[in-house]
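# Structural features, examined
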Amino acid sequence: MAILFFLNCFTPLRLHYDMLRYFAIKDCIESKCPPEADPRDYLPFGYTALLLLLSKLGILKSFSIVMVNCIYLFGGLYFVRKIFSNIRSPFFLFFLVLLNWTIIKFVTHPLSEMQYMFFSIAGLYAFYQFTRNKNILNLFLAFLLACLAFLTRTAGIALLAGLFAALIWEYRKKLLELVKNNKPLLLAILLCIAFVLIFSKQLGLNHYTGVMSKQFKEGVRFSDVIGWHFSEWGEIFINTSRSR
């Protein structure tokens, strides 16, 4: 399965609507916007930074993009193996993961999902190491990687929130004593929460709450999911955008 994934390095550059947006944003930053590009278009800068780096190195090609995605994928699986070291049959789990059609799609396309997955799992591994050895460097690394995940995809805010919640739970007794003795600290925390809620639109968080509320109101039928499945397989094999 790994060989089949790496063989995709030799396939043509895959086309996708968001891929065209990423490349247009990269061009706007690097030189000038293409005629058909919207200069006000915005996607998180994490993946655009990778494209800019590959471009500056002169290797912004299908081979390099898929190779980086494969490294992200197998690096993420390595960290999963390290966190869940008691799994009896890890390679069976990995085999199932590699058969997942969304994994196949996002490895072959120049999109941000694999980068987001790698930074997320690496951040969780760093926090897992912190809970074991209490090394503050691991905690710093966990939040740094979570920030990189957030810069790649705004959904990474959930990972940052999860790490904060886990940290609070880990030291809940000490924190309760600290808050009792330092009222200004509690005020500062409440102000930070209020800041996130007030500026949720600017931080790109409203998109995800809107998607969730829409799902509860309208729902998605099983036939819709199957339709997406086949259309995305078409994107991979026919190498054209779903909109076509």
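Residues numbered from 1 in each chain as written. Predicted model: local features only at pLDDT ≥ 70, side-chain atom pairs only at ≥ 80, totals over all residues. Heavy atoms only, no water.

### Side note on the packing of helix 4 (residues 62-83) against helix 5 (residues 90-99)
Rules: As a rule, the C-alpha atoms of each element are fitted with a line to give its axis, helices using only the stretch in contact, and angles between N-to-C directions run from 0 to 180 degrees. The helix count covers DSSP runs of H or I at least four residues long, the strand count covers runs of E at least two residues long, and both are numbered beginning at the N terminus. Handedness of a helix crossing follows the sense of rotation of the near helix relative to the far helix, less than a right angle counterclockwise being left-handed and clockwise being right-handed. In what follows, a contact means two residues having at least one pair of non-hydrogen atoms within 4.5 Å. Any residue that is not Ala, Val, Leu, Ile, Met, Phe, Trp, Tyr, Cys, Pro, Asp, Glu, Lys or Arg is counted as polar, Gly included; the first ten are nonpolar and the last four charged.
Put simply, helix 4 and helix 5 touch, their axes get as near as 11 Å, and they point 145° apart. Here helix 4 runs over helix 5; the crossing is right-handed. Counted together, Leu73, Phe74, Leu77, Val80 and Arg81 of helix 4 and Pro90, Phe94, Val97 and Leu98 of helix 5 form the full contact between these two elements. Looking at the contact of helix 4 with helix 5, its residues break down into 8 nonpolar, no polar and 1 charged.

### A closer look at the side chain of serine 62
To be explicit about the condition: Whenever a nitrogen or oxygen atom comes within 3.5 Å of another N or O atom, the pair is scored as a polar contact, on the condition that within protein one atom can donate a hydrogen and the other can accept it, and that pairs from neighbouring residues in sequence are kept only if both atoms are in side chains.
Along the chain, the position of serine 62 falls in helix 4. Of note is the side chain of serine 62, whose polar atom sits 3.4 Å from the backbone oxygen of proline 12. Ignoring anything within four residues of it in the chain, the contact list for serine 62 reads Cys9, Thr11, Pro12 and Leu13.

### Section: the state of the cysteines
The cut-off we apply is this: Count a disulfide wherever a pair of cysteine sulfur atoms falls within 2.5 Å. Three labels apply to residues, based on accessible area from a 1.4 Å probe with only protein chains included: buried if under 20% of the type maximum, exposed if over 50%, partly exposed otherwise in between.
Counted according to the given criterion, the structure contains 1 disulfide. Note that cysteine 28 is cross-linked by a disulfide to cysteine 33, the S-S spacing being 2.0 Å. Measuring the twist about the S-S bond at about 130°, one finds the cysteine 28-cysteine 33 disulfide to be right-handed. Take cysteine 33: its relative accessible area is 30%, and that puts it in the partly exposed class.

### Examining a nonpolar patch on the surface
Condition: Two joining distances apply to patches: 9 Å for like charges and 5 Å for nonpolar side chains (Val, Leu, Ile, Met, Phe, Trp, Tyr), and every residue must have over 30% relative accessible area and no salt bridge. All accessibility values rest on the Shrake-Rupley procedure with a 1.4 Å probe; residue burial counts only the protein chains present in the view. Any carboxyl oxygen of Asp or Glu within 4 Å of a side-chain nitrogen of Lys or Arg constitutes a salt bridge here.
A contiguous nonpolar patch, built from Met1, Ile3, Leu4, Leu7, Phe10, Phe63, Phe92, Phe95, Leu96 and Leu99 and spanning about 1,000 Å² of accessible area, is present on the exposed surface. For the nonpolar patch, the elements supplying multiple residues, two or more each, are helix 1 (2-7) and helix 5. Mapped onto the elements of the fold, leucine 7 is located in helix 1.

### Quick word on the packing of aromatic side chains
Note the threshold: Each aromatic pair joins two rings of Phe, Tyr and Trp (for Trp, the six-membered one) with centres within 6.5 Å, and gets the label stacked for planes under 30 degrees apart, edge-to-face for over 60, and tilted for any other angle.
If you walk through the whole model with that rule in mind, you get 14 aromatic pairs. With a centroid separation of 5.2 Å and 70° between ring planes, the pair formed by tyrosine 22 and tyrosine 47 is classed as edge-to-face. Remark: tyrosine 47 occurs in helix 3 (residues 45-56) and tyrosine 22 occurs in helix 2 (residues 17-30); sequence separation between them is 25 residues. With relative accessibility at 4%, the residue tyrosine 22 sits in the buried group. Residue classification places tyrosine 47 among the buried positions, given a relative accessible area of 1%. Geometrically, the ring pair formed by phenylalanine 91 and phenylalanine 94 is edge-to-face, given 6.0 Å between the ring centres and 85° between the ring planes. One end of the pair is phenylalanine 91 and the other is phenylalanine 94, both in helix 5 and 3 residues apart, which spans about a single turn. Looking at phenylalanine 91, the relative accessible area reads 67%, which means it is exposed.

### Brief notes about the pattern of salt bridges
Under the definition given, this model contains 5 salt bridges. Lysine 26 is the partner of aspartate 27 in a salt bridge, and the nearest nitrogen-oxygen pair spans 2.8 Å. For lysine 56, the salt bridge is made with glutamate 30, and the minimal N-O distance between the two is 3.9 Å. In this pair, lysine 56 sits in helix 3 while glutamate 30 sits in helix 2, placing the two residues 26 residues apart along the sequence.

### Description of the environment of threonine 131
The topology assignment puts threonine 131 in helix 7 (residues 113-133). Along the primary structure threonine 131 and leucine 167 are separated by 36 residues, whereas in three dimensions their C-alpha atoms are 9.1 Å apart.

### Looking at unusual backbone geometry
Of note in this structure, lysine 134 is not a glycine but carries a positive phi near 55°. Positionally, lysine 134 belongs in the loop between helix 7 and helix 8 (136-152).

### A look at the nonpolar core
Heads up, the rule is: Joining through side-chain atoms within 4.5 Å is the link that ties buried Ala, Val, Leu, Ile, Met, Phe, Trp, Tyr and Cys residues into a set, and such a set is a nonpolar core.
In this structure, Phe5, Leu73, Ile103, Val107, Met114, Phe127 and Leu163 are the most contacted members of the largest nonpolar core, which totals 50 residues. The set of elements that each furnish at least two residues to this core consists of helix 2, helix 3, helix 4, helix 5, helix 6 (101-108), helix 7, helix 8 and helix 9 (157-170). Beyond its immediate stretch of four places on either side in the chain, leucine 73 contacts Phe5, Leu98, Ile103, Val107, Met114 and Met117.

### Some remarks on the confidence of the model for the chain
Stated formally: Per-residue confidence from the prediction method is given by pLDDT, with values spanning 0 to 100.
Residues at a pLDDT of 70 or more form 89% of the chain, whose mean pLDDT is 85. Within the chain, the element-level pLDDT minimum falls on helix 12 (residues 206-217), averaging 65, and the maximum on helix 4, averaging 95.

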